[in-house]
Amino acid sequence: MSGAIPTLAAPFVEGLRRRELRFQACLDCGRAQTLARHACAHCGGTRLDWRGASGRATVHAVTVVARAPSDAFRALAPYTLVLATLDEGPRLMAHAQPGVRIGERVAAGYFEHAGRVLVRFAPMPD
């Protein structure tokens with residue numbers, strides 16, 4: 001997993017390196033999106049801005065990966081993945097601590113694996 005960062009995703013990846021979760025916001029309709037795009041997925045507007053997210057989210061879906069899809073992730077298996085809705089609106093798939101449940105409030109943390117910084121959500125303290 002080496003090579004240059006695609007220009008479109010660079011702000012997101014650079015944010016992760018600084019332990020900051022970032023998303024695109026459309027300056028035309030105000031919607032937010034986590035995947036880097038050339039246009040807004042909602043209105044098609046091309047005036048997009050990168051913003052920092054709070055890192056707080058609600059878990060929408062959970063799965064445990066027992067068999068890693070590649071050698072790069074085999075050392076992590078089994079691991080938990082979640083689809084979490086950020087407080088700012090968009091959804092993000094990321095790692096999570098084992099035992100995280102649907103509907104649970106979580107906060108983003110970060111870890112390094114194979115030369116990349118990845119997101120790992122953990123339950124928010126009560």
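Anyway, here's the lowdown on the structure attached to this text. All values reported here derive from a predicted model rather than from experimental measurement.

Next up on the list: helix α1 (residues 10-17). Listed in full, the buried residues belonging to α1 are F12, G15 and L16. The arc enclosing the buried residues of α1, seen along the axis, measures out at 100 degrees, which places them on a common side.

For the rest of this paragraph, the subject is the sheet that holds strand β8 (residues 116-123). Taken in spatial order, the five strands line up as β4-β5-β6-β8-β7 and close into a barrel, and their pairing is mixed. Between one strand axis and the next, the sheet turns by 45 degrees as a mean value, whatever way the strands run.

We now examine the sheet that holds strand β1 (residues 22-26). Spatial ordering of the open sheet is given by β2-β1-β3, a layout of three strands whose pairing is antiparallel. The sheet is open, and its two borders are formed by β2 (32-33) and β3 (48-52), each paired with just one other strand. Pairing geometry for β1 and β3, over five bridges, is antiparallel. What sits directly across from C26, in β3, is L48.

Thresholds, definitions, all that
- Residues numbered from 1 in each chain as written.
- Predicted model: local features only at pLDDT ≥ 70, side-chain atom pairs only at ≥ 80, totals over all residues.
- Heavy atoms only, no water.
- Buried < 20%, exposed > 50% of the residue type's maximum accessible area, 1.4 Å probe, protein only.
- Helix = DSSP H or I, 4+ residues; strand = E, 2+ residues; numbered from the N terminus.
- Arc of directions from axis to C-beta.
- Pairing = 2+ DSSP bridges.
- Axes fitted to C-alpha atoms, helices over the stretch in contact; angles between N-to-C directions.

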